[in-house]
Structures are given as structure tokens and as C-alpha cells.
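Below are the chains, spelled out letter by letter.
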Amino acid sequence: MSTADAFDLPAADRWVRGFGAVVHAHRDELTELDSPIGDADHGTNMDRGTTAALEGLDATPPADAAALLKGVAMAMISKVGGTSGPLYGTFFLRMSGALADGSPAAFTAAFRAGVDGVVARGKAEPGDKTMVDALLPAAAALEEQVAADRPLAEALRAAADAAAGGRDATTPMLARRGRASYLGERSVGHQDPGATSAALLVQALATALDGR
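Residues numbered from 1 in each chain as written. Predicted model: local features only at pLDDT ≥ 70, side-chain atom pairs only at ≥ 80, totals over all residues. Heavy atoms only, no water.

## Remarks on helix α8 (residues 152–169)
- The terminal C-alpha atoms of α8, which comprises 18 residues, lie 25 Å apart, in line with the 26 Å expected from a rise of 1.5 Å per residue.
- Within the span of α8, buried status applies to L152, A153, A155, L156, A159, A160, A163 and G166. For α8, the angular spread of buried residues about the axis comes to 145 degrees, placing them on one side.
- Residues of α8 that are buried sit in contact with α6 (104–122), α7 (132–147) and α9 (193–210). (Helix = DSSP H or I, 4+ residues; strand = E, 2+ residues; numbered from the N terminus. Expected span 1.5 Å × (residues − 1). Buried < 20%, exposed > 50% of the residue type's maximum accessible area, 1.4 Å probe, protein only. Arc of directions from axis to C-beta. Contact = heavy atoms within 4.5 Å.)

Structure, rendered in C-alpha cells:
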């Protein structure tokens, strides 16, 4: 296994820093998406959480990728308000605990563990108009590509495309979870902010592995 095909500490570092950068760049967009169907604070909350994660990373450099992901989890849980903090925190925490090594197969299993944690924590299913609608297709695409012996960077590009497709598919959905579900039919026609930030998460991951 080449270093380029491994999820190691440098790759994890690039992922988290990249995610923080894209969240900051899309902060206003995420908040605007959250305005008609949520509390209009998703972008602000996510930006605060990723900023805290990066500050922690700089203050106490982690020993390995698993420790880095655990630190991110703690920052997201403590700094991000609403449901997003616990959900993103659960994702990173489950990934951290399941990351046996940096091989594509081990990383894929860890990513699935993170997604399954989000599903269990949020009690969301596909089609509920949540971040799960972006994460589940990403996990499936990643597993399919890695099982076919595709390089991890290539597999993650496919995962990012699947997440983006899942994000876009939330627009016509009727929300069945979260604050948006209270709006009933009025939730239709709005892209889900959680699915949008989740797609950014997977895109940042793909970029971290191949430099895109």
C-alpha cells in the first residue's frame, strides 16, 4: 500500500483543515439554506465547530489519525449547537474508534461506522431530508469502489459525487426529521442544509486524498 493510497495522519489533517476551509467559505450559503426550514444558524454553528477543531489540532498535535478524529468529535459536540453538533461529533467519534489502520478497507469500514452512528443517533432514514441522504450514498459508493480495488483517492471521488447527488435529491423531498419536518409541505423545494454540509465533508475528504 502506497502512502498516497493510505488514510494516515497527514491525510486526516488535510481533510479536517480542508473541511474547515470549505465550511467557512460556504458559511453564509449554509445559513441561507437553513433559514426557510431551520433555525438559520447551520453555517454559523458549523463554522464555529470546525474553527474550534482546528484550534485544538494546532494546540495539541495528535499522535495518529484516530486521535485527530476523536479531537474533532469533541470539538463538534462541545461547540456546534442544535442537532448538528451531536451528529457530526458521533460521525467523527465512531470513525475514530473503528479506524484500525490506514488501508483503504479499514478506512472504508471506519467511514461506514461513522455514517451508521449518524443514522442511529438521528434516527433518520433515506428520504427523510437530512444529512443521511448525502452520507449513505457516499458510503455505498466508497464501499463499491474499494471492493473493486480502486485506489482510495478514486473511490473517494466517486463518494463525493454520490454525496452531491444525495444532497441535490433532498430539494424535492418532504422533511420527516428535525425542525424542517414541522413545516410539512412547506419543506418541499428547499435543499437540506445538513445534506449540503455533509456533501462538503465528503468533497473535502476526496480533495485531501488526491489534491483536488
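Next comes the rest of the write-up.
## Description of the packing of aromatic side chains
- This structure, assessed with the given rule, holds 8 aromatic pairs.
- Their ring planes at 75 degrees and their centres at 5.9 Å tell us that F7 and W15 sit as a pair that is edge-to-face. Each member of the pair, F7 as well as W15, carries the same accessibility label: buried.
- Ring geometry for F107 against F111: centres 6.3 Å apart, planes inclined by 40 degrees, an arrangement best described as tilted. One end of the pair is F107 and the other is F111, both in helix α6 and 4 residues apart, which spans about a single turn. (Phe/Tyr/Trp six-rings, centres within 6.5 Å; stacked < 30°, edge-to-face > 60°.)

## A few points about helix α4 (residues 65–79)
- Between its terminal C-alpha atoms α4 stretches 21 Å, which fits the 21 Å expected from 15 residues at 1.5 Å a residue.
- Listed in full, the buried residues belonging to α4 are A65, A66, L68, L69, V72, A73, A75 and M76.
- Here the buried face of α4 lies against α1 (9–25), α3 (42–59) and α5 (84–98).
- N-cap assignment for α4: the residue whose side-chain oxygen lies 3.3 Å from the backbone N of A66 is D64. (Polar contact = N/O pair within 3.5 Å; in protein donor to acceptor, adjacent residues only side chain to side chain.)

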